[in-house]
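Notes for the structure review
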Amino acid sequence: MTGYKKNLAPQFNVEKESSFITDFLPSIKNEDWNYTNIKKFIPDSIAVQPFNIGTNEEQLKKLISKKVDKLPEKNLVFFMDGVFQEELSKLPTGIKIKKLTNSENKQNALYLNCLGKGFNTINNDTYEGFSSFLKNTKLVELNAHLTDSPYMITVTDAYNCDGHLKIIHGFSNQNAFFNQNRLLCLIEENTRVLIYEEIINFGKGDSAFNMVSEFVCLEGSSLDFFTTQNDLTNSSLINSVFCVQQKNSSSNFHFFSKKGKLIRNNILVDLLDTRSNSNVLGTSLMESSDHLDNFIIISHLVEGCKSNQFFKSVYDENSSGAFCGKIYVEKGAQQTEAFQQNNNLMISKSANVNAKPQLEIFADDVVCSHGCTIGAIDEDMLFYLRSRGIKKKEAVQLLIGAFLNELISNIENPEIKKEVSELFLNNTNV
Amino acid sequence: MATEKNKTLKEITKNKYQYGFVTKIESEKFEPGLNENTIKLISAKRNEPSWMLDYRMKAYSALQKMTPPNWANLKIKPIDLQKIIYYSAPKKPKYNSLDEVDPELLKTFNKLGISIDEQKKIAGVAIDVVVDSVSVATTFQDTLKKLGIIFCSMSEAIENHSELVKKHLGSVVPYTDNYFSALNAAVFTDGSFCFIPKGVRCPMELSTYFRINEAGTGQFERTLIVAEEDSYVSYLEGCTAPMRDENQLHAAVVELVAMKSSEIKYSTVQNWFPGDENGVGGVYNFVTKRGICLDSAKISWTQIETGSAITWKYPSCVLKGNNSVGEFFSVAVTNNFQQADTGTKMIHLGKNTKSTIISKGVCAGKSNGSYRGLVKISKSADNARNFSQCDSLLLGQTCGAHTFPYIESSNKSSIVEHEATTSKISDDQLFYCKQRGIPEEEAIGLIVNGYCKDVLKKLPMEFAVEAQKLLEISLEGSVG
Amino acid sequence: MLKIKNLHVSTESNISILKGLNLEINKGEVHAIMGPNGSGKSTLASIVAGDPKYMITSGEITFNGKSLTDLEPEERSSMGLFLSFQYPVEIPGISLNNFIKTALNQKQKALNEKPFSAKEILEKIKKNAEILKIDLDFIKRSVNVGFSGGEKKRAEIFQMLMLQPQLSILDETDSGLDIDALKIVAKGVNSLRNNNSSFIIITHYQRLLDHIQPDFVHVLNEGKIIKSGGSDIAKMLEEKGYDWI
C-alpha cells in the first residue's frame, strides 16, 4: 500500500551552493521519473539564475519588444525573472499581489502543506499533503532554495472579470541559466477566475526552467487555468503544479505543450472536501527530438468528488513522450467518480511513446476507469477521407487536427481558443 | 440492505481453507539453512550430473549479490532464507506401481480430489504429483511415450533427457533474472518436464499437482515445457498446502519454449493456503513464469489465483517470432489479509505479433489486489497489436484494488489499447437477482462468476468446474 | 463508363473473395447487386473505391476508359466515383460541414477548377439538406460521431449529392432505415439520377428497389455474378430466396 504516509513533507534544511544541483535531480531508477532521464537535459555545469537582476524599465521594455509586439492592455500580471513588474502589469480590481516575507518563507516544501492543515477533512489523520511525491521529486525543494520569497496572488471576491487574467513569466536569461520560478495563488470563496499563463524566454536558448505553482481553491471557488508551453526551443521545463480544493470548488487545468527540448508537467490535485471536482487536460503536438512527460496524480480524499484526466498527444519526427496518470481514492472516499483517458498518435517511425495509467483505490462505492491507446492514424478513417477525394497528405493533416481538436473545441473563452487553435491546427480545416 | 450486505461479506471472511490438512507420512528432510553444502546435498540426492551442480552453484553465487525485489505493491515480512528447509521428500519417493504408494499419500490425493488410481483408468488427464520437493507419481507415461511425448518429473528428465534439459533450462528465465529465479535455480528439487515432438498434438491434458506438506519447508519447483514445431499441448497446474501459522515460501520457475507454429496452453489454479482470517500464516508465492514464442507460435496463460498470503506472479510472453501470439487471462481473488500483485508482460519483438490481456481482480475483506503489467512494442515489431482489459471488483469498504499498467511503444504501425475499470457489485444487479428470488449470497456468487466468465471459459473443461468451485469457496458465505 | 473484366480480388491475408467477376455499367444506368452474405458484394464496392485492405490479383477495372488499379482512392473520387459506405467510420473532431467543404474544394483543385466560395458551398449545403430533410445543426456535428444508423446513411447520401459523382455505389444503404428514411434516401438518389449519373445499388431487399427502379439486377454468389436480368429477378429473390437460383 502506497499513497499518503504518516510523516510530513521533507524539511528544506540545507544551504548549499549551486554546484549541488545534481543531488536534486531524480534518476530514472526513481519510479516517478522512469521515462525521463532529467540528467540528460540539465547538465551538471548549468548556472543558476541569480536573484533580482538589476534591469531598469527602459532596458526591460527594449528586451520585451524584441520578442513581443504588444503586451495585453488589461488584466496582465507580468513577472520578469521571478520578479513582479508592477509598471508593466495591468492589475484588474480584485487581484492582489503580495511578496511573502522572509519569515513566512521559512516554511517547508509547499505552502499548501500548511494551508492544507486548516482544511476540514473527514480523514484528517491520513492527509499528508504531497509529501510522497516531494520525497521523490526534490526539484521542488531545489526550487525553494534557489528562489527568493514567492509572490502570492489573491483572487478576492471583488474580482469580476469576463475575460481572462494573463500571467506572463518572462525570463531575461542572459547566460542559458537554470531559471527558477515560484508562485502561490489563492482563490477566495465563491470566486471565479480564468488564468492564462505563458512562459516567454527573452534570453538565450539551451536553458532550463524549474517552475512551481501552488493553487488553493477555497469553498465554492472556480479556477480555470490554461498554460501554453511553446517558447522553449532547446530548453527544458519542469513545471510542477499543486492544487488543493475546498468544498464545492472546481478546477480546470489545460496544458498546451508544443515546443521544448523537455517538457515535464507534474500536476497534483488533492480534493480535500466534498463535492469538489477537478479536470486536468492536456493537448500536445511534439516534433523534432523533443520529449514530453505528463505526470498527474488526482487524489480523492473524501466522498462525493469527481475528477477527469484527459490527455491527447501527437508524436512526430524523433519526439518521445510519456503519460503517467494516477487516480488515488482514499479509504472512505465513497461516491467517487474518477476517469482518465490518454490517447497517443504516433506519426513518425522514430517516435516513442510510453504510458502508465494507474488506479489506486481503497473505497468500494466508486466508479473509476481509465483508457489508454497508442497507435498510428486509423486506416479506415484515412480511407474514408480519401474516398471523398481528399489527398492523403491533407487527409493525414486533417485527422491529426481532428485528434487535437477534441479538447480544444471545448474551450469556451474565444481568445484562448483562437490562440491555441492557431498553435495546433495552423492550416488544418477541422 | 447495506448492512445486510456487510454481514454477508463478513461471513466470507469466516470461510475455512478446505485443503488445510497435514498428511502423516514419513519424510526425509534436511536441516534448515542455505549454503553451498545444502546445494551440493540436493544435487547429490538427485544423482545429478556435474553440469547441473555447476548451474546451481552459479545461481547461488548470483543470488548472494541480489536483494529481494521491493517494487511490488506488497507488504512482506522479511524472508529469512536460513530458516527454510530446502529438501523434504516422502521417504519412498517414486513408486513402480500404485499398489506401492503409501496409503496415507493416496488418501491425501483423494482429499485433494485427485484420485491417481481413477485417473489411470479414465483417459483424459496425465498427472505428475509433486509433494514438498519431489515428484511422487506420474501417470500415463506409457501412452504418451508412444507419441514421443516426454512427461516426467524434472529429476527424471535431468537423468534421462539430460541434453534436452541442458539446452533449454534457464534459456527463458535465466537465474540472473531476479532474486527468486536465482534462488529457485540454486535449490529447486523437482517439478515437471514436458516435451512435445514436432507435429504432435498432445491428446490429453497434462497436469501437475503441487502440494507443500512438511512444516518449515520451501517449495521450489521448476517446470520446463518444450513444444517443437507444429505441436500442441495443454498443461494444467494445481497447488494446495496445509494450514500452518508460519509463512511458507514457494518460489517456482516455469519456462515455456514454443517453437515455430506450436501452441502451449498453460492453466493454473493456485490455491495455496492463504492464511487465516487474521492474516496469520499462508504461503508466500513468488513465481517467475515466462514463455518464448518463435514464428507463428502461441502461448496462452490462464490463471485462477485464489490462494497464498502473498502472490507475486507475472506470467509473460516474449513474442520473438513473427506472427506469434501471446495471451494472458487471469482471475485473482483476494480475501481477508491476502495480497496479490500479479499481471503479465507482453514483449513484442516480431512483426505482426498479437497479445491479449484480460485480468479480473476480485477483492474482499482487508485484502489488496494489484494488476501490474507491461506491454512493450519494440522498434522491430511492425503491425503489433495489443488489447488489455483490467477490471477490479471490490466487495466491501476495507479492501483495495490497484492497477499499474506500463505501456511502451516504439513502433508507429502498432496499436495498443488499454482499458481498466474499478467498481463494486451494483445494487441494481443485486436487486434484480433478489426480485427473481435469488438470495443475496447466491446473487453475489452469480455476479462474480459472470464477471470472471471471460477468463473461466478459457480453462480446459476439467478445470473449469474446479475453478468455479474454488471461486465460490474463496468467497464463501456470499458466493453460492 | 465502368468496366470490370474477369476480376479476382483477395484480402491482405490472401483470402480470395472475388473470383472472376464481369460487369459493365453505362451512363445513366442503375444496377442492383444482390446476393447472400459473404458473396463479395461489399468487397466489390471497396475494391472499386480503392480500399487498401483488398488486392486485385488479376483482371481489370476501368472507369471512363482509364484503369483504376494504380489510382489512389482520392484520385478515383475526383474522377467522379462515390462510395456510400455500409459502415461509415466515425471521425471525432471534424465537423461534417468542414469535411464536405474540404472534399469539395480538393476535387475542384484536382480538376483544375477554382475553389467554391463559402457562399456557394453554403447554398449547395442548404439545397441538398432540404432534399434530404437534414437539419443544418446536424451538419455542424463531427462526421458520423454519435449518429444513429439512419443518420449515418442520410449523411452518406448528403455527401453524394454535394459531390455530384458520375457513379455512385450504395453499399447496403437501405439497411437500418425505416420506411420514411428510405423514401428520403431514394429521393436523394433519384434527384441525382436525372442528370445522367449511374448507380450500383448493393442490397438484400426489394424494398429500396421499389423506390429506385433498377435497369439491371445481378445476383452475386461466391465471388461471381451468377445471374443477370431485369428488375423481376429482385422480386423473385424476395419471394423465393437465393435457393431459387
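Everything below is about the structure printed above this text.
Calculation rules
- Residues numbered from 1 in each chain as written.
- Chains lettered and ligands numbered in written order.
- Predicted model: local features only at pLDDT ≥ 70, side-chain atom pairs only at ≥ 80, totals over all residues.
- Heavy atoms only, no water.
- Phe/Tyr/Trp six-rings, centres within 6.5 Å; stacked < 30°, edge-to-face > 60°.
- Helix = DSSP H or I, 4+ residues; strand = E, 2+ residues; numbered from the N terminus.
- Buried < 20%, exposed > 50% of the residue type's maximum accessible area, 1.4 Å probe, protein only.
- Contact = heavy atoms within 4.5 Å.
- Buried area = accessible area lost by both parts, 1.4 Å probe.
- Salt bridge = Lys/Arg side-chain N within 4 Å of Asp/Glu carboxyl O.
- Pairing = 2+ DSSP bridges.
- Axes fitted to C-alpha atoms, helices over the stretch in contact; angles between N-to-C directions.
- Parallel < 35°, antiparallel > 145°, perpendicular 65-115°, else oblique.
- Left-handed = near helix turned anticlockwise from the far one by under 90°.
- Core = buried A, V, L, I, M, F, W, Y, C linked by side-chain atoms within 4.5 Å.
- Polar contact = N/O pair within 3.5 Å; in protein donor to acceptor, adjacent residues only side chain to side chain.

1. Points about the packing of aromatic side chains
Summed over all chains, the structure comprises 32 aromatic pairs over all chains. Ring centres of Phe79(A) and Tyr151(A) lie 5.5 Å apart, and the angle between their planes is 50°; this geometry places the pair in the tilted category. Placement of Phe79(A) in strand 1 (residues 76–80) and of Tyr151(A) in strand 4 (residues 151–155) is noted, with a sequence separation of 72 residues between them. Neither Phe79(A) nor Tyr151(A) differs from the other in exposure class; each is buried. Three or more aromatic residues joined by ring pairs form one cluster here, namely Trp71(B), Tyr179(B), Phe180(B), Tyr284(B), Phe286(B), Trp312(B) and Tyr314(B).

2. Digging into the interface of chain B and chain A
Each partner contributes residues to the interface: chain B has 33 residues there, and chain A has 38 residues. Here chain B meets chain A over a buried area of about 2,800 Å², counting both sides, of which 48% is carbon and sulfur. Area buried by chain B at its contact with chain A is led by Tyr406(B), Ile407(B) and Lys412(B), which between them contribute 21% of it. Joining chain B to chain A, the criterion identifies one salt bridge. For Asp365(A), the salt bridge is made with Lys424(B), and the minimal N-O distance between the two is 3.6 Å.

3. What about the pairing of strand 6 (residues 81–84) of chain C?
All names here are of chain C. Judged by which residues are buried, strand 6 turns out to be covered on both faces: Leu-81 and Leu-83 on one side and Phe-82 and Ser-84 on the other are all buried. Taken together, the four bridges between strand 6 and strand 9 (residues 167–171) define a ladder with parallel strand orientation. Bridged to Leu-83 within strand 9 is Ile-169.

4. Some thoughts on unusual backbone geometry
Located in the positive-phi region is Asp81(A), a residue other than glycine, with phi close to 50°. Its location among the elements puts Asp81(A) in the loop between strand 1 and strand 2 (83–84). The phi dihedral of Glu222(C) is positive, around 45°, even though this residue is not glycine. Mapped onto the fold, Glu222(C) is located in the loop between strand 11 (216–221) and strand 12 (224–229). Residue class for Glu222(C) comes out exposed when judged on its relative accessible area of 60%.

5. Observations concerning the packing of helix 10 (residues 427–435) of chain B against helix 11 (residues 440–456) of chain B
All names here are of chain B. The contact between helix 10 and helix 11 brings their axes to 9 Å, and the two run at 125°. As far as their axial angle goes, helix 11 and helix 10 are oblique. As for the relative orientation of helix 10 and helix 11, their crossing is right-handed in sense. On helix 11, the residues touching Gln-429, Leu-430, Cys-433 and Lys-434 of helix 10 are Glu-440, Ala-443, Ile-444 and Ile-447.

6. Digging into the nonpolar core
Ranked by internal contacts, the top residues of the largest apolar core, which has 107 residues, are Leu2(C) and Val48(C). A total of nine residues in this core trace back to one element, the largest contributor, which is helix 7 (residues 392–408) of chain A. Listed in part, the 65 residues of the second largest apolar core include Ile327(A), Ile149(B), Cys363(B) and Cys390(B).

7. A look at the interface of chain A and chain C
The interface of chain A with chain C comprises 19 residues on the first partner and 33 residues on the second. Of all residues in chain A, the largest losses of buried area upon contact with chain C belong to Phe383(A), Tyr384(A) and Arg388(A), amounting jointly to 35% of the total for that side. Our count for the contact surface shared by chain A and chain C stands at four salt bridges. Residue Asp380(A) pairs with Lys53(C) through a salt bridge whose shortest N-O separation is 2.5 Å. In this structure, the connection of chain A to chain C is made through 14 residue pairs in polar contact (both at pLDDT 80 or more). Secondary-structure elements contributing two or more residues to the side of chain A that touches chain C are helix 6 (379–387) and helix 7 of chain A. Considering each element in turn, the side of chain A that touches chain C owes the most residues, seven residues, to helix 6 of chain A.

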